[in-house]
Amino acid sequence: MRELLGNRKVQLLLNGGFGLVLLGVAVVSVRHFVHGGWPLRHADPVLVVASALLFLVAYAFKAWGWQRLFHEHERPTAGALAFAGGAACVGGIALPGRIDDAIRIAVVRRYPGARTGLGTLGLSLIVLGMLDNAALTPMASVAAADARSWGVRAGFAVVAAAGVAAAALVAFLPRLVGRRGVMRFRLGRWLASHTHCTKEAWAAWLLISVSWTLRGTAVFLLLNALALPNSFALALAFLTASAASAALPIAPAGAATQAGAGAAILALSGVPTPQAIAFSVAAQALVIVTGAAVVLLIVAWHLALRVRPHFARAAA
């Protein structure tokens, strides 16, 4: 597989195919919005900008939290991890769910100055997903308490219970892999030598929780911007449903799955279906735009660092 992906023709074919898919999605989206109208055209611009800024800052806190899951000698920069998060978010427009993790791994490995091993990076993503679930537990609990139907309440209760189980697994992972029965296997020995990623898991969880809180506040501001029924509990329910749908092992385009789950929760909460769909599309579009902004800002920063020495030599 490595030799195949290293082939120049295969790379051109994959990149060209990915580009065509993104172009097709863009054309279909533009046609839809030309006929149906852009959901944010009547929104309060101040609240929309504030929501976008909160989404942008949330990327930084997520990157800082992910960074705590590496040893200092192989720890990627926060810029590399934020770039990977933004690229994965943009890739979720068309790629199936869970492929975003492959994008994150590829981006961090290719990032200038990266020294992280492939296995360490993959394990950090697994732990990161568990900490995401743990950070969603308070939000899922609030959403369950505020839910109108028992079915929705049970769904959020499952998400909250999964978060508690994930937190417990991360906390006790070093003890579990240190058992004699586990150490007999090669995988067990490898896990035992890489469980340092849980050493600062508490700090990572705090930073990731801040990231999710910022996102919940951004959704709340966006609800207000569009003059929809707004409450912080509804914003948390929307965010939790969207995030939980991203955990599906097999799903269509990740962004579409998350938008659909969010729209379903709004509709079940009493928001008219057309407005629920429009809001969910607008929120997902805002997340993708801020992800693209993260990528562009980091690229611009690296270009500036490369260009500055040339200007300095020319001036000298």
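Residues numbered from 1 in each chain as written. Predicted model: local features only at pLDDT ≥ 70, side-chain atom pairs only at ≥ 80, totals over all residues. Heavy atoms only, no water.

Let's talk about the overall build of the protein
In terms of helices and strands, the protein carries 13 helices and zero strands. Expressed as a percentage of its 316 residues, the buried residues of the protein come to 41%. Taking all contacts inside the protein whose residues are at least 6 apart in sequence as the whole, residues at least 24 apart take part in 70%. (Helix = DSSP H or I, 4+ residues; strand = E, 2+ residues; numbered from the N terminus. Buried < 20%, exposed > 50% of the residue type's maximum accessible area, 1.4 Å probe, protein only. Contact = heavy atoms within 4.5 Å.)

Side note on helix α11 (residues 232-245)
For α11, with 14 residues, the first-to-last C-alpha span of 20 Å sits near the 20 Å given by 1.5 Å per residue. Of all 14 residues in α11, 12 are buried, a share of seventy percent or more. Taken together, the buried positions of α11 are occupied by A233, L234, A235, L236, A237, F238, L239, T240, A241, S242, A243 and S245. (Expected span 1.5 Å × (residues − 1).)

With respect to the environment of P229
Within the secondary structure, P229 is located in the loop between α10 (201-225) and α11. C-alpha separation for the pair P229 and G270, spaced 41 residues apart in sequence, amounts to 8.6 Å. Setting aside chain neighbours within four positions, we find P229 in contact with L223, L234 and V271.

Observations concerning helix α6 (residues 118-146)
For the α-helix, the turn length of 3.6 residues means that residues three or four positions removed from each other point alike. Over its 29 residues, α6 extends 42 Å from the first C-alpha to the last, a length consistent with the 42 Å expected when each residue adds 1.5 Å. At T137, α6 shows its maximal bend, which comes to roughly 40°, and the proline P138 appears one to four places after that position. (Bend = angle between axes of the 7 residues up to and from the residue.)

So, the nonpolar core
Counting residues in hydrophobic clusters, the biggest one holds 62 residues, and the most contacted among them are W66, L69, L131, W212, V219, L266 and F279. At the level of elements, α3 (45-67), α4 (78-91), α5 (99-110), α6, α10, α11 and α13 (273-315) are the ones that each hand at least two residues to this core. Examining the composition of this core, we find that 11 residues originate from one element, α10, more than from any other. Other than its neighbours up to four places away in sequence, W212 contacts D132, A135, L136, M139, L239 and A243. (Core = buried A, V, L, I, M, F, W, Y, C linked by side-chain atoms within 4.5 Å.)

A word on the pattern of salt bridges
Under the defined criterion, the tally for this structure stands at four salt bridges. Across the salt bridge formed by K62 and D132, the nearest N and O atoms sit 3.3 Å from each other. In this pair, K62 sits in helix α3 while D132 sits in helix α6, placing the two residues 70 residues apart along the sequence. With relative accessibility at 14%, the residue K62 sits in the buried group. Where E200 meets R68, a salt bridge forms, and the shortest distance between an N and an O atom there is 2.4 Å. With E200 in the loop between α9 (186-194) and α10 and R68 in the loop between α3 and α4, this residue pair connects regions lying 132 residues apart in the sequence. Since its relative accessible area comes to 21%, E200 is described here as partly exposed. (Salt bridge = Lys/Arg side-chain N within 4 Å of Asp/Glu carboxyl O.)

So, the side chain of R215
Along the chain, R215 falls in helix α10. Of the side chains with opposite charge, D132 lies nearest to the buried R215, which makes no salt bridge, at 6.9 Å. Residues in contact with R215, not counting those within four places in the same chain, are F55, A58 and L239. (Lys, Arg positive; Asp, Glu negative; His and termini not counted.)

Here's the deal with the packing of α3 against α4
At their nearest, the axes of α3 and α4 sit 8 Å apart, and the two run at 120° to each other. The angle between α3 and α4 places the two elements in the oblique class. The handedness of the crossing between α3 and α4 is right-handed. Listed contacts from α4 to Y59, A63, W64, W66 and Q67 of α3 are A78, L81, A82, A84, G85, G86 and C89. (Axes fitted to C-alpha atoms, helices over the stretch in contact; angles between N-to-C directions. Parallel < 35°, antiparallel > 145°, perpendicular 65-115°, else oblique. Left-handed = near helix turned anticlockwise from the far one by under 90°.)

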